[in-house]
Amino acid sequence: MGKNLLKLSDLHTDEIIAILDRAQMFCQGIDVPKFSDKIACNLFFESSTRTQYSFNVAEERLGMRVVSFNPASSSLNKNESFYDTVKTFDSFGVDALVIRHSENEYFNQLLGHVDAAILNGGDGTGNHPTQSLLDLLTIKQEFGRFEGLKCVIAGDIAHSRVAHTNYEVMRRLGMEVVTAGPKEFLEDSLDQEDFDQAVKTSDVVMMLRIQRERHAASMSMSAEEFHKAYGLTVEREKTMKDKAIIMHPAPVNRDVELADCLMECDRARIFKQMSNGVFVRMAVLERAVK
Ligand code: NCD
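Residues numbered from 1 in each chain as written. Predicted model: local features only at pLDDT ≥ 70, side-chain atom pairs only at ≥ 80, totals over all residues. Heavy atoms only, no water.

### Remarks on the overall build of the protein chain
Piece 1. Tallying secondary structure elements over the protein chain gives 9 helices and 8 strands in all.
Piece 2. Relative to the globule expectation of 19 Å for 290 residues, the C-alpha radius of gyration of the protein chain, 19 Å, shows essentially globular dimensions.
Piece 3. Projected onto the principal axes, the alpha-carbon positions of the protein chain cover approximately 55 × 45 × 30 Å.
Piece 4. When burial is assessed residue by residue, the protein chain has 57% of its 290 residues classed as buried.
Piece 5. A fraction of 72% describes how many contacts in the protein chain between residues 6 or more apart in sequence connect residues 24 or more apart.
Piece 6. Of the roughly 12400 Å² of accessible surface on the protein chain, 47% is carried by carbon and sulfur atoms.
Piece 7. The centroid of the 34 positive side-chain charges in the protein chain is displaced by 3 Å from the centroid of its 43 negative side-chain charges. (Helix = DSSP H or I, 4+ residues; strand = E, 2+ residues; numbered from the N terminus. Rg over C-alpha atoms; globule rule 2.2 N^0.38 Å. Buried < 20%, exposed > 50% of the residue type's maximum accessible area, 1.4 Å probe, protein only. Contact = heavy atoms within 4.5 Å. Areas by Shrake-Rupley, 256 points an atom, 1.4 Å probe, with all protein chains shown as cover. Lys, Arg positive; Asp, Glu negative; His and termini not counted. Charge placed at Lys NZ, Arg CZ, Asp CG, Glu CD.)

Right, here's the structure in full:
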(Lines give C-alpha, C1' and ligand atoms only; values in the text may rest on other atoms or scores of the structure.)
Protein backbone atom coordinates (compact mmCIF):
# COMPACT_ATOMS: atom_id res chain seq x y z
CA MET A 1 0.00 0.00 0.00
CA GLY A 2 2.96 2.31 0.77
CA LYS A 3 3.71 3.29 -2.81
CA ASN A 4 0.09 3.68 -3.90
CA LEU A 5 -1.64 7.05 -3.84
CA LEU A 6 -5.35 6.35 -3.52
CA LYS A 7 -6.83 8.90 -1.11
CA LEU A 8 -5.17 11.71 0.80
CA SER A 9 -7.04 10.63 3.93
CA ASP A 10 -4.71 7.57 3.94
CA LEU A 11 -1.71 9.88 4.35
CA HIS A 12 -0.46 11.47 7.55
CA THR A 13 -0.08 15.26 7.30
CA ASP A 14 3.71 14.88 7.64
CA GLU A 15 3.71 12.76 4.50
CA ILE A 16 1.57 15.31 2.64
CA ILE A 17 3.98 18.09 3.63
CA ALA A 18 6.93 15.92 2.51
CA ILE A 19 5.33 15.46 -0.94
CA LEU A 20 4.72 19.22 -1.20
CA ASP A 21 8.33 19.96 -0.21
CA ARG A 22 9.61 17.55 -2.84
CA ALA A 23 7.27 19.09 -5.45
CA GLN A 24 8.60 22.54 -4.54
CA MET A 25 12.15 21.28 -5.15
CA PHE A 26 11.12 20.00 -8.59
CA CYS A 27 9.47 23.37 -9.22
CA GLN A 28 12.91 24.93 -8.65
CA GLY A 29 14.66 22.28 -10.76
CA ILE A 30 16.50 20.82 -7.75
CA ASP A 31 17.50 17.14 -7.46
CA VAL A 32 15.27 15.77 -10.24
CA PRO A 33 15.82 11.98 -10.41
CA LYS A 34 15.89 9.93 -13.62
CA PHE A 35 13.91 6.71 -13.75
CA SER A 36 14.77 5.63 -17.29
CA ASP A 37 14.24 1.94 -16.43
CA LYS A 38 10.67 2.53 -15.22
CA ILE A 39 7.47 2.36 -17.26
CA ALA A 40 4.33 4.25 -16.36
CA CYS A 41 0.97 3.44 -17.82
CA ASN A 42 -1.82 6.02 -17.92
CA LEU A 43 -5.25 4.40 -17.87
CA PHE A 44 -7.93 7.08 -18.14
CA PHE A 45 -11.40 5.56 -18.40
CA GLU A 46 -12.92 9.05 -18.04
CA SER A 47 -12.16 12.23 -19.98
CA SER A 48 -9.18 14.24 -18.83
CA THR A 49 -6.94 16.97 -20.17
CA ARG A 50 -4.93 18.31 -17.23
CA THR A 51 -4.57 15.27 -15.02
CA GLN A 52 -3.78 12.84 -17.83
CA TYR A 53 -1.34 15.00 -19.76
CA SER A 54 0.38 16.55 -16.76
CA PHE A 55 1.02 13.03 -15.46
CA ASN A 56 2.42 12.35 -18.92
CA VAL A 57 4.70 15.40 -18.76
CA ALA A 58 5.75 14.52 -15.19
CA GLU A 59 6.66 11.00 -16.32
CA GLU A 60 8.70 12.45 -19.21
CA ARG A 61 10.47 14.88 -16.88
CA LEU A 62 11.48 11.93 -14.70
CA GLY A 63 12.84 10.11 -17.76
CA MET A 64 10.25 7.34 -17.47
CA ARG A 65 8.84 5.51 -20.44
CA VAL A 66 5.14 6.04 -20.89
CA VAL A 67 2.34 3.85 -22.20
CA SER A 68 -0.94 5.61 -22.87
CA PHE A 69 -4.26 3.92 -23.26
CA ASN A 70 -7.18 4.90 -25.47
CA PRO A 71 -10.37 3.36 -24.06
CA ALA A 72 -12.25 4.04 -27.32
CA SER A 73 -9.96 1.73 -29.32
CA SER A 74 -9.37 -0.87 -26.61
CA SER A 75 -11.01 -4.21 -25.89
CA LEU A 76 -13.46 -2.45 -23.56
CA ASN A 77 -15.42 -2.42 -26.84
CA LYS A 78 -15.42 -6.20 -26.68
CA ASN A 79 -16.95 -6.13 -23.21
CA GLU A 80 -13.67 -6.63 -21.39
CA SER A 81 -14.07 -5.52 -17.77
CA PHE A 82 -12.25 -2.67 -16.03
CA TYR A 83 -10.54 -5.17 -13.73
CA ASP A 84 -9.27 -7.35 -16.61
CA THR A 85 -8.06 -4.28 -18.50
CA VAL A 86 -6.01 -3.07 -15.54
CA LYS A 87 -4.72 -6.60 -14.84
CA THR A 88 -3.56 -6.79 -18.46
CA PHE A 89 -1.32 -3.75 -18.15
CA ASP A 90 -0.08 -4.95 -14.78
CA SER A 91 0.84 -8.29 -16.40
CA PHE A 92 3.08 -6.41 -18.84
CA GLY A 93 5.23 -5.58 -15.82
CA VAL A 94 4.80 -1.79 -15.78
CA ASP A 95 5.88 0.04 -12.63
CA ALA A 96 3.09 2.56 -12.15
CA LEU A 97 -0.57 2.58 -13.15
CA VAL A 98 -2.19 6.01 -13.19
CA ILE A 99 -5.93 5.40 -13.22
CA ARG A 100 -9.07 7.54 -13.52
CA HIS A 101 -12.47 5.89 -13.41
CA SER A 102 -16.06 7.00 -12.83
CA GLU A 103 -16.70 4.48 -10.02
CA ASN A 104 -16.03 5.70 -6.47
CA GLU A 105 -13.10 3.81 -4.92
CA TYR A 106 -12.63 1.63 -8.03
CA PHE A 107 -9.18 0.84 -6.61
CA ASN A 108 -10.55 -1.39 -3.83
CA GLN A 109 -11.15 -4.18 -6.34
CA LEU A 110 -7.52 -3.96 -7.49
CA LEU A 111 -5.76 -3.98 -4.13
CA GLY A 112 -3.83 -7.18 -3.63
CA HIS A 113 -4.29 -8.11 -7.30
CA VAL A 114 -1.78 -5.83 -9.02
CA ASP A 115 1.97 -5.45 -8.48
CA ALA A 116 2.42 -1.96 -9.94
CA ALA A 117 1.86 1.13 -7.80
CA ILE A 118 -1.59 2.63 -8.32
CA LEU A 119 -1.85 6.41 -8.56
CA ASN A 120 -5.41 7.64 -8.45
CA GLY A 121 -6.17 10.25 -11.10
CA GLY A 122 -9.75 10.61 -9.82
CA ASP A 123 -12.45 8.17 -8.71
CA GLY A 124 -16.06 9.19 -9.38
CA THR A 125 -17.20 11.82 -6.90
CA GLY A 126 -14.78 10.48 -4.29
CA ASN A 127 -11.11 11.43 -4.42
CA HIS A 128 -8.68 13.42 -6.51
CA PRO A 129 -5.47 13.32 -4.49
CA THR A 130 -3.08 14.90 -7.00
CA GLN A 131 -5.49 17.78 -7.64
CA SER A 132 -5.60 18.56 -3.93
CA LEU A 133 -1.83 18.30 -3.67
CA LEU A 134 -1.38 20.82 -6.49
CA ASP A 135 -3.97 23.07 -4.88
CA LEU A 136 -2.08 22.85 -1.58
CA LEU A 137 1.25 23.58 -3.28
CA THR A 138 -0.27 26.67 -4.91
CA ILE A 139 -1.63 27.88 -1.54
CA LYS A 140 1.70 27.20 0.21
CA GLN A 141 3.61 29.16 -2.45
CA GLU A 142 1.18 32.04 -2.05
CA PHE A 143 0.80 32.32 1.71
CA GLY A 144 3.67 30.20 3.11
CA ARG A 145 1.25 28.40 5.46
CA PHE A 146 -2.15 26.72 5.76
CA GLU A 147 -3.00 27.35 9.42
CA GLY A 148 -5.58 30.11 9.86
CA LEU A 149 -6.40 30.58 6.15
CA LYS A 150 -9.99 30.44 4.97
CA CYS A 151 -11.13 28.79 1.75
CA VAL A 152 -14.60 28.83 0.25
CA ILE A 153 -15.29 26.01 -2.19
CA ALA A 154 -18.20 27.09 -4.35
CA GLY A 155 -20.50 25.45 -6.87
CA ASP A 156 -21.35 21.82 -7.51
CA ILE A 157 -19.97 20.41 -4.26
CA ALA A 158 -22.02 17.20 -4.22
CA HIS A 159 -20.61 15.87 -7.49
CA SER A 160 -17.04 17.09 -7.04
CA ARG A 161 -14.19 14.81 -6.00
CA VAL A 162 -12.05 17.96 -5.82
CA ALA A 163 -14.38 19.48 -3.20
CA HIS A 164 -14.50 16.29 -1.15
CA THR A 165 -10.75 15.78 -1.17
CA ASN A 166 -9.90 19.41 -0.43
CA TYR A 167 -12.48 19.77 2.32
CA GLU A 168 -10.93 16.94 4.30
CA VAL A 169 -7.25 17.71 3.79
CA MET A 170 -7.44 21.50 4.12
CA ARG A 171 -9.20 21.22 7.47
CA ARG A 172 -6.65 18.70 8.63
CA LEU A 173 -3.93 21.23 7.77
CA GLY A 174 -5.60 23.91 9.91
CA MET A 175 -7.60 25.83 7.32
CA GLU A 176 -11.18 26.93 7.73
CA VAL A 177 -13.19 25.53 4.82
CA VAL A 178 -16.79 26.44 3.94
CA THR A 179 -18.93 25.44 0.99
CA ALA A 180 -21.38 27.61 -0.94
CA GLY A 181 -23.73 27.18 -3.88
CA PRO A 182 -27.28 26.20 -4.75
CA LYS A 183 -28.99 24.04 -2.14
CA GLU A 184 -29.29 21.14 -4.61
CA PHE A 185 -25.47 21.00 -4.89
CA LEU A 186 -24.59 21.24 -1.18
CA GLU A 187 -24.10 18.51 1.40
CA ASP A 188 -25.47 18.74 4.94
CA SER A 189 -22.34 17.20 6.42
CA LEU A 190 -20.10 20.03 5.11
CA ASP A 191 -20.02 23.54 6.63
CA GLN A 192 -21.92 26.05 4.51
CA GLU A 193 -21.89 29.84 4.28
CA ASP A 194 -23.68 32.48 2.25
CA PHE A 195 -21.59 32.85 -0.92
CA ASP A 196 -21.33 36.66 -0.86
CA GLN A 197 -20.25 36.62 2.77
CA ALA A 198 -17.70 33.85 2.11
CA VAL A 199 -16.20 35.66 -0.91
CA LYS A 200 -15.55 38.73 1.26
CA THR A 201 -13.84 36.83 4.06
CA SER A 202 -11.84 34.07 2.32
CA ASP A 203 -8.17 33.94 1.37
CA VAL A 204 -8.88 31.34 -1.30
CA VAL A 205 -12.01 31.41 -3.46
CA MET A 206 -12.15 28.03 -5.18
CA MET A 207 -14.75 27.80 -7.95
CA LEU A 208 -15.99 24.50 -9.39
CA ARG A 209 -17.51 23.48 -12.70
CA ILE A 210 -21.10 22.20 -12.73
CA GLN A 211 -20.56 18.45 -13.25
CA ARG A 212 -23.47 17.93 -15.63
CA GLU A 213 -22.21 14.49 -16.66
CA ARG A 214 -22.88 13.28 -13.10
CA HIS A 215 -26.38 14.77 -12.76
CA ALA A 216 -29.40 12.49 -12.94
CA ALA A 217 -31.73 15.37 -13.87
CA SER A 218 -30.92 18.64 -15.62
CA MET A 219 -30.26 21.69 -13.44
CA SER A 220 -33.20 23.94 -12.65
CA MET A 221 -31.25 27.17 -13.40
CA SER A 222 -29.91 28.55 -16.70
CA ALA A 223 -26.18 29.29 -17.04
CA GLU A 224 -26.90 33.04 -16.78
CA GLU A 225 -28.98 32.61 -13.64
CA PHE A 226 -26.30 30.43 -12.10
CA HIS A 227 -23.59 32.98 -12.88
CA LYS A 228 -25.56 35.80 -11.28
CA ALA A 229 -26.49 33.87 -8.16
CA TYR A 230 -23.45 31.64 -7.54
CA GLY A 231 -20.72 32.54 -10.02
CA LEU A 232 -17.64 34.64 -9.29
CA THR A 233 -18.84 37.73 -11.14
CA VAL A 234 -16.79 40.87 -11.78
CA GLU A 235 -18.76 42.59 -8.97
CA ARG A 236 -18.10 39.82 -6.46
CA GLU A 237 -14.38 39.71 -7.26
CA LYS A 238 -14.16 43.37 -6.20
CA THR A 239 -15.32 42.40 -2.70
CA MET A 240 -12.49 39.86 -2.18
CA LYS A 241 -9.74 40.54 0.37
CA ASP A 242 -6.65 42.35 -0.98
CA LYS A 243 -4.38 39.31 -1.04
CA ALA A 244 -7.05 36.68 -1.73
CA ILE A 245 -6.63 34.39 -4.73
CA ILE A 246 -8.98 32.68 -7.19
CA MET A 247 -8.52 28.97 -7.85
CA HIS A 248 -10.34 26.46 -10.06
CA PRO A 249 -9.35 22.87 -10.92
CA ALA A 250 -10.50 23.47 -14.54
CA PRO A 251 -11.97 22.82 -17.06
CA VAL A 252 -13.62 26.23 -16.59
CA ASN A 253 -16.95 27.04 -18.15
CA ARG A 254 -16.30 30.76 -18.68
CA ASP A 255 -19.15 33.06 -17.64
CA VAL A 256 -20.89 30.25 -15.78
CA GLU A 257 -18.96 29.70 -12.52
CA LEU A 258 -16.32 32.34 -13.33
CA ALA A 259 -16.50 35.60 -15.29
CA ASP A 260 -14.51 35.27 -18.51
CA CYS A 261 -12.24 38.25 -17.72
CA LEU A 262 -11.26 36.84 -14.30
CA MET A 263 -9.68 33.68 -15.72
CA GLU A 264 -6.27 35.38 -16.04
CA CYS A 265 -6.71 38.37 -13.71
CA ASP A 266 -4.02 39.30 -11.17
CA ARG A 267 -5.46 37.17 -8.42
CA ALA A 268 -6.23 34.12 -10.57
CA ARG A 269 -3.92 31.16 -10.00
CA ILE A 270 -5.66 28.75 -12.39
CA PHE A 271 -2.78 28.29 -14.85
CA LYS A 272 -0.32 28.33 -11.94
CA GLN A 273 -2.25 25.36 -10.52
CA MET A 274 -1.72 23.54 -13.83
CA SER A 275 2.04 24.19 -13.74
CA ASN A 276 2.17 22.94 -10.17
CA GLY A 277 0.29 19.83 -11.26
CA VAL A 278 3.40 18.62 -13.07
CA PHE A 279 5.60 19.04 -9.98
CA VAL A 280 3.29 17.28 -7.52
CA ARG A 281 2.82 14.44 -10.00
CA MET A 282 6.60 14.12 -10.30
CA ALA A 283 6.74 13.89 -6.50
CA VAL A 284 4.09 11.17 -6.21
CA LEU A 285 5.59 9.22 -9.13
CA GLU A 286 8.99 9.32 -7.45
CA ARG A 287 7.41 8.08 -4.22
CA ALA A 288 5.74 5.27 -6.19
CA VAL A 289 8.68 3.89 -8.15
CA LYS A 290 11.92 4.70 -6.35
C1 NCD B 1 -11.61 18.01 -12.30
C2 NCD B 1 -11.90 16.52 -12.35
O3 NCD B 1 -11.92 15.90 -13.39
O4 NCD B 1 -12.08 16.03 -11.25
N5 NCD B 1 -10.65 18.44 -13.19
C6 NCD B 1 -9.33 18.15 -13.01
O7 NCD B 1 -8.95 17.03 -12.79
N8 NCD B 1 -8.48 19.18 -13.08
C9 NCD B 1 -12.80 18.84 -12.19
C10 NCD B 1 -13.84 18.86 -13.27
O11 NCD B 1 -13.91 18.01 -14.15
O12 NCD B 1 -14.66 19.78 -13.20
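There's plenty left to go through after this.
### A short note on the nonpolar core
Piece 1. Ranked by size, the top nonpolar core spans 54 residues in total, and within it Leu133, Leu136, Ile139, Ile153, Met170, Met175 and Leu285 carry the most contacts.
Piece 2. In this structure methionine 170 touches Leu136, Ile139, Cys151, Met175, Val177 and Met206, once residues within four positions along its chain are discounted.
Piece 3. If you look at the next biggest cluster of nonpolar residues, it comprises 22 residues, including Val152, Ala154, Val178 and Ile246. (Core = buried A, V, L, I, M, F, W, Y, C linked by side-chain atoms within 4.5 Å.)

### Observations concerning the site of the ligand
Piece 1. If you check the shell around the ligand, you find Thr51, Arg100, His128, Gln131, Arg161, Val162, Arg209, Gln211, Pro249, Ala250 and Pro251 and nothing else.
Piece 2. Between the ligand and proline 249, the relevant distance is 2.9 Å, taken from a nitrogen atom to a main-chain nitrogen or oxygen of the residue.
Piece 3. With the chains in place, 93% of the 320 Å² that the ligand exposes on its own is no longer accessible.
Piece 4. Of the residues contributing to the shell around the ligand, the split by class is 4 nonpolar, 4 polar and 3 charged. (Near = heavy atom within 4 Å. Polar contact = N/O pair within 3.5 Å; in protein donor to acceptor, adjacent residues only side chain to side chain. Nonpolar A, V, L, I, M, F, W, Y, C, P; charged D, E, K, R; others polar.)

### Points about the side chain of asparagine 56
Piece 1. As for its placement among the helices and strands, asparagine 56 is situated in helix α2 (residues 50-61).
Piece 2. For asparagine 56, a relative accessible area of 16% translates into the label buried.
Piece 3. In this view, asparagine 56 contacts Asn42, Val66 and Ser68; residues no more than four positions away in its chain are not counted.

### Quick word on the pattern of salt bridges
Piece 1. Scanning the entire structure with this criterion turns up 16 salt bridges.
Piece 2. We note a salt bridge from aspartate 21 to lysine 140, for which the minimum N-O separation is 3.5 Å. Here the residue aspartate 21 occupies a position in helix α1 (residues 13-27), and lysine 140 occupies one in helix α4 (residues 129-143), the gap between them amounting to 119 residues.
Piece 3. Here aspartate 21 falls in the partly exposed class, since its relative accessible area comes to 39%.
Piece 4. Residue arginine 236 is joined to aspartate 196 by a salt bridge in which the shortest nitrogen-to-oxygen separation is 2.7 Å. Here arginine 236 is found in helix α8 (residues 234-237), whereas its partner aspartate 196 is found in helix α6 (residues 195-201), with 40 residues between them in sequence.
Piece 5. In this structure, a network of salt bridges that share partners links the residues Arg22, Asp31 and Glu286. (Salt bridge = Lys/Arg side-chain N within 4 Å of Asp/Glu carboxyl O.)

### Observations concerning the sheet that holds strand β6 (residues 176-180)
Piece 1. Strand order in this open sheet of 4 strands is β6-β5-β7-β8, and the pairing throughout is parallel. Bordering the open sheet on either side are β6 and β8 (245-247), each of which pairs with just one other strand. Averaged over all pairs of adjacent strands, the angle between strand axes in this sheet comes to 20°, irrespective of strand direction.
Piece 2. When strand β5 (residues 150-154) meets β6, the two strands line up parallel, connected through 5 bridges. Bridging across to β6, valine 152 finds its partner in valine 178. (Pairing = 2+ DSSP bridges. Axes fitted to C-alpha atoms, helices over the stretch in contact; angles between N-to-C directions.)

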